[in-house]
Number of protein chains: 2
Amino acid sequence: MATIYDVAQRAQVSPATVSRVLNGRASVDPDMVVRVQDAVRELNYRPNSVARNLRRSRTTLWTVIISDVGNPFFTAMVRGVEDVAQRAGYSVVLCNSDEDPAKEAQYVTAALQDQMAGVIISSSGHAANVNRLIEAGTPVVAIDRQISGANVDSVLVDNEHGAHMATAHLLERGYRRIACITGPRKVSTAAQRLRGYQQALREQGFATPAALVRYSDYREEGGYAAMASLLDAGDPPDAVFAANNLMTVGAVECVVDRGIAVPAGMGVIGFDDIPWAHLVRPSLSTVSQPTYELGRTAAMLLAERITEPDRPASTVTLQTTLKVRESSLKP
Amino acid sequence: MATIYDVAQRAQVSPATVSRVLNGRASVDPDMVVRVQDAVRELNYRPNSVARNLRRSRTTLWTVIISDVGNPFFTAMVRGVEDVAQRAGYSVVLCNSDEDPAKEAQYVTAALQDQMAGVIISSSGHAANVNRLIEAGTPVVAIDRQISGANVDSVLVDNEHGAHMATAHLLERGYRRIACITGPRKVSTAAQRLRGYQQALREQGFATPAALVRYSDYREEGGYAAMASLLDAGDPPDAVFAANNLMTVGAVECVVDRGIAVPAGMGVIGFDDIPWAHLVRPSLSTVSQPTYELGRTAAMLLAERITEPDRPASTVTLQTTLKVRESSLKP
DNA sequence: CTGAAAGCGCTAACAT
DNA sequence: ATGTTAGCGCTTTCAG
């Protein structure tokens, strides 16, 4: 690979001048500019960004830490991040923590070592990781999941409200024993969606027995198992609200396997869409999230924080929408 | 951030010794090892990998270039890559080319500038990009899509055979006017799957009229449009083979919108699974690919090429499986 | 406006 | 076995 010295030599100028031409930061004699550009072309010179990064002590890389690449919710979100990142001149390193705080910690360490320009994180719960980044001065944005005990830019959705809508809708349709399958205890969205569910029940004068609540893992298998456990317990539910898309799929599979009809024998509604929800029979009612927009917003917040490191942290909350399809329509 | 000099000073040794302890490359006096380790801990020292990379003139980053992050096929593949990469000490930068050769070229340029340790690419067709990498000495593995005119390690599936199985299955079930919706002309998988389809027809003595073939874009909307075009032409098909998962979904949507029954009025089979194919009604018959394994294999090949740059390029072809579900069962 | 020179933090000869 | 030293390729003062 040609270096900046090769270009300088060929263009009969100093390396400093080549650098100036390349970065357009200072004014350079037009003749020299042309000579440098010619030399760059002739040598097929591309600046070595590793050297540049070392010198500037920053990179043009963002780390995005999500908890499940297998979940279309996160990939759609990442798409939103990438589109903004690319436009702003950053590349995105995608990291999959698998809901494992240890893996998450590893990725945070890597982000620190690699001098990442910024981090967007959907944290599995512990504030410690995020605080390490903040202390090191790395710009961070929390996405999808709140981080208690860290003062950080955040992009969230109205989880409580969404869960409330879903539950109220089931009540309105005549379901009376409504169960809730929520996510891991440490994850903010799990707690908030559970709270929205409980509140909707209470408002209508219904009890919120713990027997109808299951904490699970936001995965398909977890949703299946939780549903099985609800059905095996005495006095099973007549409807279920599942706190994410994959668990909804798992729950439906379980219900189908048991030969229970949806929505007649069991009403189902889930938080977050799955692709092709409309092709599934019965089609799945959901609380729909602005997934792509979530990513875009986080990316914009990160870009802003990078240019203005000292402004106060802000939290953006996006709205969810109730999508009533067949699975929640009690005949 | 603490540097290696800070650690050296605190441990009363030279920076070189700290480096040796950290990298475990040479033998160091046990006492010093302990002193260094203590200093590292006390200063919370993490090596700056940008500096390390510059010095070693290589990084521990892989670039994975795929054509659609929104397609679960690619994300599952990436999961396979990541699992192997992480174990081998590499991080993965995921890049989304959106089937756009220009975007792909940008990412290749970035990979070159950033001194990426290796690249796994599902190319949109032009060998030029891949050749730039090879000429620069960057280890490359082609995944999912063949690159003609480049001598490169490749991991593929038996596209022709898979398409052949799908088409033969439709014939066997009694469908007689079978259409094919394939991918972009430049993409190797599109050509191969089309060829498998044609061959199966010819073997059974059927014609392969161009009127029953559509080139599309491997996207849901494209599948929908291609199906619409097939239905609007005179003498419409009684079955369709779609060359990827998203186009299958689009085709089914179109058929449903037109009020045609699947599989009675229209048989449908697709290449590559979609998640929850079994929940969709009618459930979709598919040619299933070992997606995760594809990623794993590519990653292993890349790791091997990095350690042995001069060995001859090899091509691994994985098998596909016919998954007969409801959508292809003519009553 | 331009060039010389100093380093960013680390590793790998080389010397001891 | 350990330390000294010279860069990796680039940007950015600082002089001129």
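Residues numbered from 1 in each chain as written. Chains lettered and ligands numbered in written order. Predicted model: local features only at pLDDT ≥ 70, side-chain atom pairs only at ≥ 80, totals over all residues. Heavy atoms only, no water.

In the annotation of an unreviewed UniProt entry, chain A is listed under the name LacI family DNA-binding transcriptional regulator and assigned to Dactylosporangium maewongense.

Novice: Sorry if this is basic, but what is going on with the overall build of chain A here?
Specialist: Broken down by element type, chain A carries 12 helices and 12 strands. Against the globule reference of 20 Å for 331 residues, chain A gives a C-alpha radius of gyration of 25 Å, more extended than a compact globule. Each of the three principal axes of chain A carries a C-alpha extent, and together these read 85 × 40 × 30 Å. Counting only residues that meet the buried cut, chain A has 55% of its 331 residues in that class. Accessible surface, chain A: about 13,600 Å² in total, of which carbon and sulfur atoms supply 49%. Across chain A, the centroid of the 33 positively charged side chains sits 3 Å from that of the 35 negatively charged ones. (Helix = DSSP H or I, 4+ residues; strand = E, 2+ residues; numbered from the N terminus. Rg over C-alpha atoms; globule rule 2.2 N^0.38 Å. Buried < 20%, exposed > 50% of the residue type's maximum accessible area, 1.4 Å probe, protein only. Areas by Shrake-Rupley, 256 points an atom, 1.4 Å probe, with all protein chains shown as cover. Lys, Arg positive; Asp, Glu negative; His and termini not counted. Charge placed at Lys NZ, Arg CZ, Asp CG, Glu CD.)

Novice: What is the right way to read the UniProt feature "domain: HTH lacI-type" (unreviewed entry) in chain A from this model?
Specialist: Per the UniProt record, the feature "domain: HTH lacI-type" (unreviewed entry) sits at residues 2-56 of chain A. A distance of 20 Å separates the end C-alpha atoms of residues 2-56 of chain A, which is 71% helix and 0% strand. (UniProt positions renumbered as here; feature names shortened; annotations may be inferred.)

Novice: Where do I start with the protein's contact with DNA strand D in this structure?
Specialist: The full set close to DNA strand D counts 25 residues, and Ile4, Tyr45, Arg52 and Arg55 of chain A together with Asp29 of chain B are the nearest of them. Of all DNA strand D atoms lying within 4 Å of any protein atom, the proportion belonging to sugar or phosphate reaches 58%. Tyr5 of chain A places a polar side-chain atom, nitrogen or oxygen, 2.9 Å from a base nitrogen of DNA strand D. Going through the elements one at a time, helix 1 (4-11), helix 2 (15-23) and helix 4 (49-56) of chain A together with helix 2 (15-23) and helix 4 (49-56) of chain B are the ones with two or more residues in the surface near DNA strand D. (Near = heavy atom within 4 Å. Polar contact = N/O pair within 3.5 Å; in protein donor to acceptor, adjacent residues only side chain to side chain.)

Novice: Looking at this structure, I do not really get the protein's contact with DNA strand C. What am I missing?
Specialist: Neighbouring DNA strand C are 24 residues, the closest being Ser27 and Asp29 of chain A together with Ile4, Tyr45 and Arg55 of chain B. For DNA strand C, the backbone makes up 61% of the atoms found within 4 Å of the protein, where backbone means sugar plus phosphate. At a separation of 2.4 Å, a phosphate oxygen of DNA strand C approaches a polar backbone atom of Ile4 of chain B. A distance of 3.4 Å separates a phosphate oxygen of DNA strand C from a polar side-chain atom of Asn23 of chain B. Those elements that place two or more of their residues in the surface near DNA strand C are helix 2 and helix 4 of chain A together with helix 1 (4-11), helix 2 and helix 4 of chain B.

Novice: What is the right way to read the interface of chain B and chain A from this model?
Specialist: Where interface size is quoted, it is often the accessible area lost as the parts come together. If you look at the interface, chain B gives 43 residues, while chain A gives 43 residues. Summing the contributions of chain B and of chain A, the shared interface buries around 4,000 Å²; its carbon and sulfur component is 58%. Together, Val50, Trp276 and Leu279 of chain B form the three largest contributors to the area buried by chain B at its contact with chain A, with a combined 18%. Between the two partners, chain B and chain A, sit 4 salt bridges. Between Arg79 of chain A and Asp98 of chain B there is a salt bridge whose closest N-O contact spans 3.3 Å. Of all the secondary structure elements, the ones that give two or more residues to the side of chain B that touches chain A are helix 4, helix 5 (72-87), strand 2 (91-96), helix 6 (101-113) and helix 11 (245-257) of chain B. Here the residues of the side of chain B that touches chain A are counted per class, giving 20 nonpolar, 13 polar and 10 charged. (Contact = heavy atoms within 4.5 Å. Buried area = accessible area lost by both parts, 1.4 Å probe. Salt bridge = Lys/Arg side-chain N within 4 Å of Asp/Glu carboxyl O. Nonpolar A, V, L, I, M, F, W, Y, C, P; charged D, E, K, R; others polar.)

Novice: What am I meant to see in the relation of the copies chain B and chain A here?
Specialist: For the pair of chain copies, the relating transformation is a rotation about an axis with a translation along it. Superposition record for chain B on chain A: RMSD 0.1 Å, screw rotation 180°, translation along axis 0.0 Å. Both chain copies can therefore be described as sitting about a two-fold axis. An overlap of 100% is found between the interface residues of chain B and their copies at the interface of chain A, pointing to a shared contact surface. (Least-squares fit on C-alpha atoms with pLDDT ≥ 70 in both.)

Novice: Whenever I open this one, the side chain of Ser285 of chain B confuses me. Can you help?
Specialist: Residue and element names in this part refer to chain B. Position of Ser285 among the secondary structure elements: in strand 10 (residues 285-288). Reaching out from Ser285, the side chain makes a polar contact with the backbone nitrogen of Arg325 at a distance of 2.7 Å. In contact with Ser285, not counting residues within four places along its chain, are Val268, Ile269, Gly270, Lys323, Val324, Arg325, Glu326, Ser327 and Ser328.

Novice: Explanation requested: the sheet that holds strand 6 (residues 178-182) of chain B in the structure shown.
Specialist: To summarise the sheet geometry, strands pair through backbone hydrogen bonds and adopt either a parallel or an antiparallel arrangement. Residues and elements named next belong to chain B. Here we have 6 strands laid out as an open sheet, ordered 7-6-8-9-10-12, and mixed in their pairing. Looking at strand neighbours, the two that pair on one side only are strand 7 (213-215) and strand 12 (321-323), the edges of this open sheet. Across the sheet, the mean angle from the axis of one strand to that of its neighbour is 15°, orientation sign disregarded. For strand 8 (residues 239-242) and strand 9 (residues 267-271), the ladder comprises 4 bridges, and the chain directions are parallel. Note on strand 9: the bridge partner recorded for Ala242 is Gly270. Packed on one face of the sheet, helix 9 (residues 188-203) meets strand 6, strand 7, strand 8 and strand 9 and runs near 170° to strand 6. (Pairing = 2+ DSSP bridges. Axes fitted to C-alpha atoms, helices over the stretch in contact; angles between N-to-C directions.)

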